Amino acid sequence: MAKTSKGKTVFFCQNCGYESSKWMGQCPACHEWNTFVEEPSAPAKSAGALSRSTGDRRRPVRISEVSMDETHRMTTAIGELDRVLGGGIVRGSLILIGGDPGIGKSTLLLQMCRNLAAAGHSVLYVSGEESLQQIKMRAERIGDMADTLFLYTETNLGTIRETIEEMKPEICIIDSIQTMYAEEVSSAPGSVSQVREATGILLMLAKSLGTSIFIVGHVTKDGSVAGPRVLEHMVDTVLYFEGEREAQYRILRAVKNRFGSTNEIGVFEMQEKGLVEVPNPSEYMLSGRPRGASGSVVACSMEGMRPVLIEIQALVSKTSFNIPRRTAAGTDYNRVNLLMAVLEKRCGYQLGFCDAYINIAGGIRMSEPAVDLAIVLAVVSSYRDIPIPDGIMAFGEVGLSGEIRAVSGADVRVGEARRLGFTSVILPRANEKTAKRVDGIKLLYASNIREAVGYIVGG
Ligand code: TYD
Ligand code: MG
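Residues numbered from 1 in each chain as written. Chains lettered and ligands numbered in written order. Predicted model: local features only at pLDDT ≥ 70, side-chain atom pairs only at ≥ 80, totals over all residues. Heavy atoms only, no water.

Peer 1: Describe the overall build of the protein chain, listing the residues and the values that go with them.
Peer 2: Helix and strand counts for the protein chain come out as ten helices and 23 strands. Seen through its C-alpha atoms, the protein chain measures out along the principal axes to roughly 75 × 50 × 50 Å. When the 459 residues of the protein chain are sorted by exposure, 50% land in the buried category. When contacts within the protein chain are restricted to residue pairs at least 6 apart in sequence, long-range pairs at least 24 apart make up 67% of them. On the protein chain, roughly 21400 Å² of surface is accessible, and the fraction owed to carbon and sulfur atoms is 51%. Here the protein chain contributes 51 positive and 52 negative side-chain charges, whose respective centroids are spaced 6 Å apart. (Helix = DSSP H or I, 4+ residues; strand = E, 2+ residues; numbered from the N terminus. Buried < 20%, exposed > 50% of the residue type's maximum accessible area, 1.4 Å probe, protein only. Contact = heavy atoms within 4.5 Å. Areas by Shrake-Rupley, 256 points an atom, 1.4 Å probe, with all protein chains shown as cover. Lys, Arg positive; Asp, Glu negative; His and termini not counted. Charge placed at Lys NZ, Arg CZ, Asp CG, Glu CD.)

In structure tokens:
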């Protein structure tokens with residue numbers, strides 16, 4: 001490839017931003033294949049650097065002199081979004097919102113802008129992807145917009161920076177970072193150096209003007225455009241919008257948050273008029289659950305402070321190949337293999353000759369160890385073809401000797417089961433001391449998986 005005038009080029013992994021002096025097939029950092037792209041090496045003087053030396057140099061301040069209004073939060077009036085942000089938008093923060101194209105990032109942010117503008121905040125929505133008319137069309141579907149919302153279609157960051165410095169909006173949206181370019185960097189928009197430089201400039205703007213800036217970053221599959229992971233370390237908060245395109249609901253998850261917990265999730269449903277909040281995710285996740293089918297068990301996972309009931313499905317059948325097929329959708333594949341090995345060793349089931357497909361219904365991802373027990377029970381139920389009685393919920397972590405270990409929040413989980421009309425809960429014996437009795441719920445304690453399996457298939 002032709003070298004630039006300076007003669008220096010480097011290779012960047014477009015997935016994680018790993019830098020290398022030569023091309024590589026697989027990234028040593030994130031293990032993705034074919035993600036390296038040649039780019040001119042970063043400019044010597046970065047325009048976005050915070051150290052931009054303007055006449056008025058900042059001085060160190062005593063911690064007691066820092067006033068707290070600077071960290072004041074603005075509410076988005078979307079409860080689920082506020083929750084994930086840690087209680088609203090912190091002034092002057094830089095927030096990255098990532099997700100697959102078409103998942104609803106622009107829709108969510110436009111709805112947020114509508115609410116913020118209606119509350120009298122000045123909002124600037126910069127789009128490098130859609131025309132003013134297209135944004136307006138989307139806005140019409142969502143609802144009335146207040147006059148303090150400004151739309152701006154521009155991709156040159158120098159111009160955007162001037163506009164922001166002039167307007168000093170309270171909130172600014174950059175949709176998307178992959179379409180923006182800084183003139184100082186010679187590589188194409190969407191390259192690692194460009195998105196990093198652009199984010200650097202936005203970071204400087206957010207901190208110096210106190211504008212809260214949301215950056216949209218598309219999760220990319222082909223590796224030719226830098227993904228949002230490249231920026232995670234630069235911003236204050238990283239949110240990912242997940243969900244399957246076909247499924248109606250979307251989950252907003254905080255991966256990093258300097259101003260709040262990263263355990264919280266927000267659940268939304270995509271409807272005709274934009275995204276609608278789902279305040280009761282459990283009901284939502286369990287809707288359409290088959291009754292009396294084998295291989296289906298309800299588990300409870302804690303998402304932040306909130307318990308969410310989910311249905312675990314297993315399909316175990318005799319394999320027709322030498323090597324059994326195993327898949328795990330929505331949960332960790334290795335964990336499933338481990339649990340099946342424990343089940344084989346401790347309960348004597350011949351699972352080595354079986355294909356097994358594990359699925360968390362609804363396409364949600366759950367990795368809390370407390371769902372172990374439900375996975376084990378679902379596998380047994382499918383293997384023996386014995387349906388699990390209605391009204392049973394199970395949670396508990398499973399160890400290598402088949403023991404069931406205590407989990408946190410047993411009370412809250414049992415409470416959620418009660419609220420949704422369950423009648424029995426299988427839970428770790430080790431939680432006996434902490435779990436309080438709840439009227440209308442039978443607590444079935446188990447200290448190992450054999451005991452737990454006994455509750456559902458009678459030994
Ligand atoms: P969008 O916000 O454009 O996604 P992103 O910015 O993450 O790429 O979402 C686009 C999808 O949402 C598109 O498939 C249409 C759908 N949609 C609705 O179903 N209802 C609506 O009211 C809106 C605005 C979009
Ligand atoms: Mg968009």
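Picking up after the structure, the text goes on.
Peer 1: If you had to explain the packing of helix 4 (residues 157-167) against helix 5 (residues 192-209) to someone new, which residues and values would you point to?
Peer 2: Helix 5 packs onto helix 4 with a crossing angle of 5° between their chain directions and a minimal axis gap of 11 Å. The angle between helix 4 and helix 5 falls in the class roughly parallel. Contacts between helix 4 and helix 5 involve Leu157, Arg161, Ile164 and Glu165 from the first element and Ala198, Ile201, Leu202, Met204, Leu205 and Leu209 from the second. When grouped by side-chain class, the residues that make up the contact of helix 4 with helix 5 number eight nonpolar, no polar and two charged. (Axes fitted to C-alpha atoms, helices over the stretch in contact; angles between N-to-C directions. Parallel < 35°, antiparallel > 145°, perpendicular 65-115°, else oblique. Nonpolar A, V, L, I, M, F, W, Y, C, P; charged D, E, K, R; others polar.)

Peer 1: Which residues make up helix 7 (residues 333-347), and what values go with them?
Peer 2: With 15 residues, helix 7 extends 21 Å between its outermost C-alpha atoms, agreeing within 8% with the 21 Å of an ideal straight helix rising 1.5 Å per residue. Those residues of helix 7 not exposed but buried are Val336, Leu339, Met340, Val342, Leu343 and Cys347. Viewed end-on, helix 7 has its buried residues packed into an arc of 155°, placing them on one side of the element. Pointing more than 90 degrees away from the buried face of helix 7 are the exposed residues Asn334 and Lys345. Buried residues in helix 7 make contact with strand 17 (326-329), strand 18 (354-360), helix 8 (372-384), strand 20 (397-398) and helix 10 (449-457). Backbone geometry just after helix 7 places Gly348 at a positive phi near 75°. (Expected span 1.5 Å × (residues − 1). Arc of directions from axis to C-beta.)

Interpretation in functional terms is not warranted from these geometric data alone.
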